[in-house]
Amino acid sequence: MATLSDIGVSAFINILGAFAFLLAFALLRLQPINDRVYFPKWYISGKRSAPRHVGNFVGKFVNLNFKTYLTFLNWMPEAMKMSESNIIEHAGLDSAVFLRIYTLGLKIFAPTAIVALLVLIPVNVSDGTLFFLRKDLVVSDIDKLSISNIKPKSWKFFVHIAMEYLFTFWTCFMLYKEYGRVAAMRLKFIASQDRRAEQFTVLVRNVPHESKRSITDSVENFFKKNHPDHYLCHQAVYNANKFAKLVRKRARLQNWLDYNQLKFERNPEKRPTKKKGFLGLWGEKVDSIDYYKQQLKEFDRRLTMERERILKDSKSIMPAAFVSFNSRCGAAVCAQTQQSKNPTLWLTHWAPEPRDVYWNNLSISFFSLSLRKLLISVAVFALVFFYMIPIAFVQSLANLEGLEKVAPFLRPLIEWKVIKSFLQGFLPGLALKVFLFILPAILMFMSKIEGHVALSVLERKTAAKYYYFMLVNVFLGSIVAGTAFQQLHAFLHESATQIPRNIGVSIPMKATFFITYIMVDGWAGIAGEILRLKPLVIFHLKNMFLVKTERDVDRAMDPGSVDFPETLPSLQLYFLLGIVYVVVTPILLPFILVFFAFAYLVYRHQVINVYNQRYESCAAFWPHVHGRIIASLVISQLLLMGLLSTKKAAKSTPFLVVLPVLTLTFHKYCKSRFEPAFRKYPVEEAMEKDLQDRSSESDANLKAYLADAYLHPIFHSFEEIELEEVKVDKKPPPKSPSTPLSELSSPSPTHDAKHHEEAEPSGTSQTSHNIQHYEVGQPGDLFHYEYEQTSHVYHYDFESQYHHDSQYQHNGYHY
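These lines cover the structure that appears in this document, whether it is placed above or below. All values derive from a computational prediction rather than experimental measurement.

## Examining the nonpolar core
Thought 1: Formed by 143 residues in total, the largest nonpolar core has its most connected members in Phe98, Phe109, Phe475, Tyr581 and Phe595.
Thought 2: A per-element tally of this core places helix H6 (residues 93-125) first, with 15 residues.
Thought 3: Non-local contacts of phenylalanine 595, meaning those with residues more than four positions away in its chain, are made with Tyr102, Ile518, Gly522, Trp523, Ile526, Leu571 and Tyr574.
Thought 4: Counting 33 residues, the second largest nonpolar core, distinct from the first, contains Val207, Phe222, Leu311 and Ala321.

Written out as structure tokens, the structure is:
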């Protein structure tokens, strides 16, 4: 077990490592060549450009203004200057509420740490029970500061019970205030937003199949019938994953073409060439520009054929749709009510914001979703218990004394002071951190298999899995396995009746292991976060080998975002450790406070200067944070009851029984009082916002705004392959009063002739010196496709014959 000197060695190593990281960051951030790594947020917003260099060529890479090195630590006060309202405007509500979790930790633990250290430490030290158990159990000086040092049946346990009540009430008070504050911030943020697509849109899943009717027809008919006053339009969901892969491949080819064209412009006397073989290492040598142009033509043809195949195949339309309404109130009513007699059909949920949609999972069927969730639950359960093996190994490193008694031949090596201090004070926390390194990626992959349709939901589900893993393995697993290794000799040689006593005494002693973990992960780890060593190395490697155009420079500048799947569970683990050990071993609290203060400073800097959030969930993760802090309180209370039972404190233990009941009652009240603000959108708020917009906005403008908001990637006018315009040549239908064209009900093309957009035919088609013409399909159902290379204009013309009232119709689709 780690002694006070071992803790000192660990503290020295981690403080030294954290200082080295901070010093490296303070110097690297001043170099012009690293400016895009440490300030990408400002480049993305357009408020920062490449720094001017002083002097010769070296000045482009190294800061030669030595006066700036005198202020290399000014990032700390600069990180604290921006107000919370400015952070919300600059980085979003998610980032601002994420920072409030750290301030909540400081508000909870700072006052209680002072009281616990002043009251409980003297009480724990006064008894000296561990001195008499030294022959049977492995103890250290730091354990004398814990509740284990109190003798059985002592009246002093009433002090610990009183402190548990005081701490619980203080924590609940702070949680109540914070929950109310965050809920108010969320409603204010939503109300202050301009018109956004997700405010008017609902995601509908499990649309029932009807014979002789397409999915798009079914959606339109259902919502026109059941929401006649508010339904506006809808967007079908297509299974276009193969098309998306082709688009990404074409983008890479376009990038190579741009690179070779720039290369030729710089040296017009020499045309760039390449070999056609694997990786350009062998094969026929060809002109690079002509080669990539030809490849792009082929991909244009393949993209068009794949796109048209999707549009023609009714099986490509998934039983889901994004349905938009003409008011926020109408969308709120639809999203928050049951649509059908059968509760498994026409399932409605608020649509995630467009950039939050995870398109790959929208094509998963309802039955497959249920099966996937079952299989992933089993897989997560197996993974959690599989990781108990490395956790047990880590605990064997943290408890060398227990192994010494069982395996005396290891004593000469272990007893070498430097090795022992390193093994017990630093290596266990580092080893645990290494074992947990790849876990978030595994859990994210599992969450994607489950079928969630929003990136924010994927990250919250991954965070939940990671938290349960941390709870079972890092906390409970470390305590159980660590206690077994630590008191292995006692368990093997004493009677079974003494095991509860040994466990009760040993659990508080695990605080030493968690102290080493906090220093490795919460001190040195957070300092490593601000250094951004991995993004720094990757950025410069890309600059050396992959960057070919200015566009590549922006792509190489990866700002990242707050890593919620890993950061939130780690934060909740620190809350758990602090809450559990505040009464049991209060000496752990100063280490927790250092983490919260240091992490708040670092993440404030990262949110302001680095991170660019991929989505905005309006702090939807907060109820999960609140619930897990409440769970930590209950675990703390149950653990204290268990400890007191091993101490034969029958007179004092019953006073704790009511505390978990009060805590859960408080949680239920908060859940009913504040959580609806995170799950539903108040109709009152929606109607008020609608009235504000109604005077200035028309339904026609709203429909135009929503038409492309949730447009499937296959309809993005080849935006990803960098074309400037998509135009349509439309042929007028035969003039017949019996075959009128109805208004377009969906931004996407439909497969039924009676739901085409009525539009005037284009007067003349454009001409070009280089036009490629393709036809796909059978006679009577032809897609005509022309691509003008010089003007980057695509022309589509779709001829489809449908027998309707003895007439044939020919209509063009606008993609």
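## Notes on a nonpolar patch on the surface
Thought 1: Residues Ile114, Val115, Leu118, Val119 and Leu166 make up a contiguous nonpolar surface patch of about 440 Å² in total accessible area.
Thought 2: For the nonpolar patch, the element with the highest residue contribution is H6, accounting for four residues.
Thought 3: Along the polypeptide, valine 119 turns up in helix H6.
Thought 4: Looking at valine 119, the relative accessible area reads 33%, which means it is partly exposed.

## Digging into a positive patch on the surface
Thought 1: Where like charges cluster on the molecular surface, the positive patch consists of Lys242, Lys245, Arg248, Lys249, Arg252 and Arg302.
Thought 2: Counting residues per element, the positive patch draws most heavily on helix H10 (residues 241-266), at five residues.
Thought 3: Secondary-structure assignment places arginine 248 in helix H10.
Thought 4: Judged by relative accessible area, arginine 248 falls into the partly exposed class, the value being 45%.

## Focus on the layout of surface pockets
Thought 1: The volume enclosed by the second largest pocket comes to roughly 1,200 Å³.
Thought 2: His349, Trp350, Pro352, Val457 and Arg460 are, among the 41 residues lining the second largest pocket, the residues nearest its centre.
Thought 3: Elements that contribute at least two residues to the lining of the second largest pocket include exactly helix H8 (157-192), strand S1 (201-205), strand S6 (347-350), helix H13 (366-386), helix H20 (455-486) and helix H30 (676-679).
Thought 4: Residue composition of the lining of the second largest pocket, by class: 19 nonpolar, 10 polar and 12 charged.

## Examining the pairing of strand S5 (residues 317-325)
Thought 1: Within S5, eight of the nine residues are buried, leaving the element largely enclosed by the surrounding structure.
Thought 2: Inspection of the sheet shows strand S2 (residues 231-238) paired to S5 by six bridges, in the antiparallel sense. By the bridge assignment, histidine 234 is partnered in S5 with valine 323.

Rules used throughout
- Residues numbered from 1 in each chain as written.
- Predicted model: local features only at pLDDT ≥ 70, side-chain atom pairs only at ≥ 80, totals over all residues.
- Heavy atoms only, no water.
- Core = buried A, V, L, I, M, F, W, Y, C linked by side-chain atoms within 4.5 Å.
- Buried < 20%, exposed > 50% of the residue type's maximum accessible area, 1.4 Å probe, protein only.
- Helix = DSSP H or I, 4+ residues; strand = E, 2+ residues; numbered from the N terminus.
- Contact = heavy atoms within 4.5 Å.
- Patch = residues over 30% accessible without salt bridge, like charges linked within 9 Å, V, L, I, M, F, W, Y side chains within 5 Å.
- Areas by Shrake-Rupley, 256 points an atom, 1.4 Å probe, with all protein chains shown as cover.
- Salt bridge = Lys/Arg side-chain N within 4 Å of Asp/Glu carboxyl O.
- Lys, Arg positive; Asp, Glu negative; His and termini not counted.
- Charge placed at Lys NZ, Arg CZ, Asp CG, Glu CD.
- 1 Å grid on protein atoms, 1.4 Å probe; cavity = no way out; pocket = protein on both sides within 12 Å on 5 of 7 lines; lining within 4 Å.
- Points joined across faces, edges and corners; volume = space filled by probe spheres on them.
- Nonpolar A, V, L, I, M, F, W, Y, C, P; charged D, E, K, R; others polar.
- Pairing = 2+ DSSP bridges.

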